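Chain by chain, the residues run as shown.
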Amino acid sequence: MDSFDTQHLWHPYAKIPNPIAAHKVRSANGVYLNLDNGECVIDGMSSWWSVIHGYNHPTLNKAISEQLAKMSHVMFGGLTHQSAIDLAKTLVAITPNNLSKVFFTDSGSVAVESALKMALQYWQNRGKNDKQKFVTIRGGYHGDTFGAMSVCDPDNGMHHLFKGMLAQHFFVKSPSMVDWHVALKDLKTTLKQNASSIATMILEPVVQGAGGMRFYDPQYLVEAKKLCEQHEVLFILDEIATGFGRTGKLFALEYVNVKPDILCLGKALTGGYLSLGVTLTSDEIANNVGTLMHGPTFMANPLACAVANASINLLLNSPWQDNITRIEKHLYQQLLPLKTNKKVADVRVLGAIGVVEMVDIIDMEKIQNRLIANGVWLRPYGKLLYTMPPFIIDDVAISTLTDAIKDSVKWL
Ligand SMILES: *Cc1c(COP(=O)(O)O)cnc(C)c1O
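Predicted model only: the values in this text are computed from it and were never measured. (Residues numbered from 1 in each chain as written. Predicted model: local features only at pLDDT ≥ 70, side-chain atom pairs only at ≥ 80, totals over all residues. Heavy atoms only, no water.)

Caption draft 1: Summary view of the layout of surface pockets. Here the second largest pocket is characterised by a volume of approximately 170 Å³. Taken together, Asn-156, Gly-211, Gly-212, Arg-214, Arg-348, Glu-357, Ile-361, Tyr-381, Gly-382, Lys-383 and Leu-384 form the lining of the second largest pocket. In the lining of the second largest pocket, the residues fall into three nonpolar, four polar and four charged. Residues from two domains meet in the lining of the second largest pocket; each of domain 1 (3-56 + 319-411) and domain 2 (61-316) gives at least three. (1 Å grid on protein atoms, 1.4 Å probe; cavity = no way out; pocket = protein on both sides within 12 Å on 5 of 7 lines; lining within 4 Å. Points joined across faces, edges and corners; volume = space filled by probe spheres on them. Nonpolar A, V, L, I, M, F, W, Y, C, P; charged D, E, K, R; others polar. Domains from an automatic or database assignment.)

Caption draft 2: Molecular detail of the nonpolar core. Within the largest apolar cluster, 112 residues are counted, with the highest numbers of intra-cluster contacts made by Leu-91, Phe-104, Leu-187, Met-201, Tyr-220, Phe-244 and Val-356. Residue assignment places this core across two domains, with domain 1 (3-56 + 319-411) and domain 2 (61-316) each supplying three or more. Not counting residues up to four positions away in its chain, the partners in contact with Val-356 are Leu-335, Leu-338, Val-344, Asp-346, Val-347, Lys-383, Leu-384, Leu-385, Ile-405 and Val-409. (Core = buried A, V, L, I, M, F, W, Y, C linked by side-chain atoms within 4.5 Å. Buried < 20%, exposed > 50% of the residue type's maximum accessible area, 1.4 Å probe, protein only. Contact = heavy atoms within 4.5 Å.)

Caption draft 3: Local environment of the packing of helix 11 (residues 320-335) against helix 13 (residues 395-411). Running from N to C, helix 11 and helix 13 point in directions that differ by 30°, and their axes come no closer than 10 Å. With respect to helix 13, the axis of helix 11 lies roughly parallel. Crossing geometry of helix 11 relative to helix 13 is assigned as right-handed. Counting all contacts with helix 11, which are made through Arg-326, Ile-327, His-330, Leu-331, Gln-334 and Leu-335, the residues of helix 13 involved are Asp-395, Ile-398, Ser-399, Thr-402, Ile-405 and Lys-406. Per-class residue counts for the contact of helix 11 with helix 13 are five nonpolar, four polar and three charged. (Axes fitted to C-alpha atoms, helices over the stretch in contact; angles between N-to-C directions. Helix = DSSP H or I, 4+ residues; strand = E, 2+ residues; numbered from the N terminus. Parallel < 35°, antiparallel > 145°, perpendicular 65-115°, else oblique. Left-handed = near helix turned anticlockwise from the far one by under 90°.)

Caption draft 4: Expanded view of the pattern of salt bridges. Under the definition given, this model contains 15 salt bridges. Its salt-bridge partner being Glu-232, residue Lys-128 comes within 2.6 Å of it at the nearest N-O pair. Placement of Lys-128 in the loop between helix 5 (108-125) and strand 5 (133-137) and of Glu-232 in the loop between helix 8 (219-230) and strand 10 (234-238) is noted, with a sequence separation of 104 residues between them. Given a relative accessible area of 31%, Lys-128 falls into the partly exposed group. On the basis of relative accessibility, which here comes to 32%, the residue Glu-232 falls in the partly exposed class. Among the charged side chains, a network of salt bridges with common partners joins Lys-339, Asp-346, Arg-348 and Glu-357. (Salt bridge = Lys/Arg side-chain N within 4 Å of Asp/Glu carboxyl O.)

In structure tokens form, the structure reads like this:
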């Protein structure tokens, strides 16, 4: 614990001074975080979905060093560089074949902002100036900037804090694994009544992450896309959390091969090394967007692009699907039995994601100290105790991880 940190540094979703002191990390290697007090914990969060290959990976380190020796940064306005070109080529190759235009940003939230702007500019340039609203499913999370916040879940998001400041959009029922048809009906009604004012739908495919760690039937995506097409509403998929293998497919949209008009990526894009986001779209949309009014200072940062190239190559040349299947099997076998516990409301597993939803709100500080004592780093929120470990986690480490979760549930 560092008292300067507690007194002066703002941490995510926290106040100053922070009543829950942050744990200082000295270094990190593989799946392990080495804490300043000498303890060593397994990172069950992959630093929020991103560190899929583990920390301090020689291949990723090398890619950054090589780029560093050439240049760490150069403005993207009027200039370009090989790492960005290579990365764009790869992204176009591995995403649905309608996506061919690439806009790099410096974070996931800004990738979402850019996607929303694309949709607005697209309709403006097509003379449909009334299309200025968005539609989304409840329980979503798309980032913390204003546009992104406005499409986050209206109840557990930050809508109450910025009421009056946030643009008002359409929220429809969230699909689930079983009753996604009901949710679809809600979307249908909303589109029927309001499509003339709606520019785009935006949603996370299959897994809703920070908005509640909920999974839903991918078939919803197929039907929702159809409805959007019928009503002249664009379709944005936010794969910032789900992209790059996490759900068992390279992209969650592959469960049903749905083709979004716009796709947002981030988080694991660089293997968790640097902040980078990207928004991809089609020829037709790009042509109609015209001049896209966005251009972050650190757009397409060369270090970030170089490590993203290395991370994607590493992933595609690894047995990542076997790894995800192995992790999924383990999480399933170890966590699902917790369902019978009276304190547990639900247990969900998909790919390398395991979620234990408690009946009551979890005391984060207490449970984190307990988890650390058991050699594990997790960051529960609300009623959710969940993990999305690095894909390289071995059988011993993942057992430590699930044992710690089981211990927490017993102890809570
Ligand atoms: C994390 C996340 C974002 C925001 O990305 P940042 O890099 O934190 O700005 C947007 N959408 C989804 C689905 C995310 O999980």
